[in-house]
Protein chains: 2
Amino acid sequence: MKEINIGLAGFGTVGQALYKVIEQARNVHARIAKICVRSLTKPREIRVPESLLTISFTEITRNPDIDLVVEVIDDPETSFRLVSDALRNGKDVVSGNKAMLARHLPELMELQRQTGKALLYDASSCGSIPVIRNLEEYYDNDLLLEVKGILNGSSNYILSRVFDHNEDYADALERAQKLGFAESDPSHDISGNDSLNKLVIITLHAIGVYVAPADVFVYGIPTLGQEDILYAREKGMKIKLVAQVVKLSDDLFTMFVMPEFVAPNRYIYAVDDEYNGVVIRGECYDRQFMFGKGAGGLPTASSLLSDITALRHDYRYEYKKTAFAPRPEYTTDIPLKIYARFSQTNLLDGLPWLAVSEEYRSESFRYVVGEILLADLIKSRKLLEAEDVFLCNFPRFFTERDD
Amino acid sequence: MKEINIGLAGFGTVGQALYKVIEQARNVHARIAKICVRSLTKPREIRVPESLLTISFTEITRNPDIDLVVEVIDDPETSFRLVSDALRNGKDVVSGNKAMLARHLPELMELQRQTGKALLYDASSCGSIPVIRNLEEYYDNDLLLEVKGILNGSSNYILSRVFDHNEDYADALERAQKLGFAESDPSHDISGNDSLNKLVIITLHAIGVYVAPADVFVYGIPTLGQEDILYAREKGMKIKLVAQVVKLSDDLFTMFVMPEFVAPNRYIYAVDDEYNGVVIRGECYDRQFMFGKGAGGLPTASSLLSDITALRHDYRYEYKKTAFAPRPEYTTDIPLKIYARFSQTNLLDGLPWLAVSEEYRSESFRYVVGEILLADLIKSRKLLEAEDVFLCNFPRFFTERDD
């Protein structure tokens, strides 16, 4: 088998891990021939010959000696320019950049079609868990009903420290940052935006529809408070940050990212620390649960490696479900059952509740449990961003089945 | 997309479920054009036009109108003749027959090579969990260290009734048979032979080596007794029937099927009832856990459907790992730590223990915990089949990592 030459863009934690993994996996017959970095002189754990490094990405994307480009840089817009340039210059590409992909997938699908080159990105969602590949290849029919999961390791680590180890939220957050679970911008993890990016990618492969991140309701855990933790504990539940896409009928589906009360009988209850877990539910196969390390250098690198070898065998995503008929449409016109906690901001009067089933008021805070349209949560985004507010979803309101 | 015509061999639980699933999954563009059955007049849940039925398998395998053969019959030797005939007559084939595959994989690999036609069989191992496809495509490098799991739903159901629901073993067995979890020959499930067949298939795709079932140590749960259940319970463990293939080094791997003591911190501890669960461990990606319904008509049918659509996209197993160098060799020359319970049969003197760490004797039974070579267990098969004997493996003896 001919050895292939990889051009690697980005040499941080993941890039260096890939370097190690490729050295270890003998039967891959690949070598890293060029590495594009931001700084030639920055000290790194792995020492490579200076001749391998470049600061110009076109030395990778337009280099005739490079067969394949692997992109693991931070900045989404640089990443998009780099990936596009590589495809246009006849390179297959592997990317792990979920923020870039979530924003640019439609253009990148079109660019793959035009150039005939392939872009793979299984590492972008759930690190080492092969979610995209399985949705694309194995669950490639319209029996799929739901994909629901914990897609962000850092926020799950924080929640796990709080609910499984009784730590303070603030301590847990600090510890997660120290351990380096967080992205370069840690606010992405706890805001839910990282989960949202992955959900957008997953939805394209699960349902065949691209929905822009800006159109999806996302609510994170920055304002999670002791009151909310106690509320969940009293009911024997944990709070998890859950991303979900759910087919409501043949014609409609919905998706959102929100904290959710999780009871012990659910698979994702046991997904602790920095792990990710995804439940795939279908009409005939019931539920499948996939579980593994969602982040970290080596797990992500091993996922990149799987994409690299897949390209060697001319694999490409065919986005088959985008051609399905009927293909369901995205809706936010569904009622959710929500717990809303607040103090100054009056969410009881400030939100268009369809029904209120619980009201609680103490000297320091209030909460409401009630039904509200997802569309109205989106309209009320500004209000819900207040520091004294926290929202949490009750699952299984619009579906009777377990997950 | 052109509709493809499927020739279906076998119209029992799985065959009928596939019929339903194909009707339900609109974007598959396939129809069942002919069904080979043993009896034309047997009453069935699903009524199909008489013209669809035949009792001659060549009406499927040699029928020019048939594009694809799906085989879900019981008898392994008929299945092998049918599958071979179909491949030779230019049909792609999907099979769910693990006993046939475990016995005939080398010939069937060769036949695929000769004919250029493809044989897919993801439904044969773990029903709806895409184990084979992921081992072949995603974990397609030599970083994989171990595949370990609960591969048989009926025996797991029985053990789950005993350990999770405090039922008597005899009651649990009876209930499993009533619920129809068992294969047409239920002894296959509790003897471990069904798990063994799946392990043989999995090993080919995990390590790239075919090992005949007869060369692998298999020990089941027919002789599990109240003493053993109590022993496990006292130590806070469950007994599970575990199939495993483990890379010991770059040069060696081992495999076996045995009851195993499972502590609560392990993933497979939570695999209850008729579910299957598989842990895949690798050098870089740590552990992945896949969980789902391992048996039953619809889950198996949905897996067959995934293989059918994969064939539409010209997918075939490439058995890449069979070409890996170095490729580890199968060994049974490894010490296991074993619990052996007996009464008349004297296993203390009758087995070549390397070391004995515990001995217990009461009026009604005895047990020994000690180290013994797997090769010596194979040599002592006859002795270990005695009705007063039960063996159970202590995990993590030759590997320090969790599973």
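Each value, and the rule that gives it
Residues numbered from 1 in each chain as written. Chains lettered and ligands numbered in written order. Predicted model: local features only at pLDDT ≥ 70, side-chain atom pairs only at ≥ 80, totals over all residues. Heavy atoms only, no water. Contact = heavy atoms within 4.5 Å. Buried area = accessible area lost by both parts, 1.4 Å probe. Salt bridge = Lys/Arg side-chain N within 4 Å of Asp/Glu carboxyl O. Axes fitted to C-alpha atoms, helices over the stretch in contact; angles between N-to-C directions. Helix = DSSP H or I, 4+ residues; strand = E, 2+ residues; numbered from the N terminus. Parallel < 35°, antiparallel > 145°, perpendicular 65-115°, else oblique. Nonpolar A, V, L, I, M, F, W, Y, C, P; charged D, E, K, R; others polar. Pairing = 2+ DSSP bridges.

(A) Spotlight on the interface of chain B and chain A. Counting from both sides, the interface comprises 47 residues of chain B and, opposite them, 47 residues of chain A. Buried area between chain B and chain A, summed over both chains or domains, comes out near 4000 Å², and the portion from carbon and sulfur atoms is 47%. Its largest share of buried area at the contact with chain A, chain B owes to N27, Y138 and C284 of chain B, together 18% of the area lost on that side. Residue D286 of chain B pairs with K293 of chain A through a salt bridge whose shortest N-O separation is 3.8 Å.

(B) Main features of the packing of helix α3 (residues 76–88) of chain A against helix α4 (residues 98–115) of chain A. All names here are of chain A. α4 packs onto α3 with a crossing angle of 10° between their chain directions and a minimal axis gap of 10 Å. It follows that α3 is roughly parallel to α4 by the angle criterion. Across the interface between the two elements, P76, E77, S79, F80, V83, S84, L87 and R88 from α3 touch A99, M100, R103, H104, E107, L108, L111, Q112 and T115 from α4. Of the residues contributing to the contact of α3 with α4, the split by class is 8 nonpolar, 5 polar and 4 charged.

(C) Molecular detail of the pairing of strand β15 (residues 355–361) of chain A. All names here are of chain A. Examined bridge by bridge, β15 and strand β16 (residues 366–373) share 6 bridges and lie antiparallel to one another. Within β16, the position partnered with E359 by the bridge is V368. Counting the residues between successive antiparallel strands, the hairpin from β15 to β16 contains 4 residues.

(D) Spatial organisation of the sheet that holds strand β1 (residues 4–9) of chain A. All names here are of chain A. An order of β3-β2-β1-β4-β5-β6 is seen for the 6 strands of this open sheet, with the pairing classed as parallel. Each end of this open sheet is capped by a strand with a single partner; those strands are β3 (53–54) and β6 (119–120). The pairing of strand β4 (residues 68–71) with strand β5 (residues 92–95) spans 4 bridges and is classified as parallel. What sits directly across from E71, in β5, is S95. Strands β1, β4, β5 and β6 of the sheet are contacted by α3, whose axis makes an angle of about 170° with β4.

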